[in-house]
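Observations on the model geometry
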Amino acid sequence: MGRGRLVLALLGALLFWLGLSMTVLFIAAAVWLLAHGTSPSWVVLAVTVACAVLGRLLIRLSGVPLGDALNV
């Protein structure tokens, strides 16, 4: 496996974990906001999910198995 593919897998894994953690934080904040009667910005949810999906696509393009990429 070439060095470029490994770097692509690493970037994809970082982007995936970043998107996943931002999504979890947004869901927690959205629940809190909805409980207090205000509405969260749903555009933020779309951006965080898109970040995680883009990371997953980069991992898939690299050819590295998902488990290996996330354990880097």
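Residues numbered from 1 in each chain as written. Predicted model: local features only at pLDDT ≥ 70, side-chain atom pairs only at ≥ 80, totals over all residues. Heavy atoms only, no water.

Looking now at the packing of helix α1 (residues 3-35) against helix α2 (residues 42-62). Where α1 contacts α2, the two axes come as close as 7 Å, and the packing angle between them is 160°. The pairing of α1 with α2 is recorded here as roughly antiparallel in orientation. As for the relative orientation of α1 and α2, their crossing is left-handed in sense. Of the residues in the contact of α1 with α2, the class split is 21 nonpolar, six polar and two charged. (Axes fitted to C-alpha atoms, helices over the stretch in contact; angles between N-to-C directions. Helix = DSSP H or I, 4+ residues; strand = E, 2+ residues; numbered from the N terminus. Parallel < 35°, antiparallel > 145°, perpendicular 65-115°, else oblique. Left-handed = near helix turned anticlockwise from the far one by under 90°. Nonpolar A, V, L, I, M, F, W, Y, C, P; charged D, E, K, R; others polar.)

As a further point, take a nonpolar patch on the surface. Judged by side-chain polarity, Val 7, Leu 10, Leu 11 and Leu 14 come together as a nonpolar surface patch covering roughly 340 Å² of accessible area. Relative to the helices and strands, Leu 11 resides in helix α1. Taking relative accessible area as the criterion, Leu 11 reaches 48% and is therefore assigned partly exposed. (Patch = residues over 30% accessible without salt bridge, like charges linked within 9 Å, V, L, I, M, F, W, Y side chains within 5 Å. Areas by Shrake-Rupley, 256 points an atom, 1.4 Å probe, with all protein chains shown as cover. Salt bridge = Lys/Arg side-chain N within 4 Å of Asp/Glu carboxyl O. Buried < 20%, exposed > 50% of the residue type's maximum accessible area, 1.4 Å probe, protein only.)

Everything listed is a geometric property; what it means functionally is a separate question.
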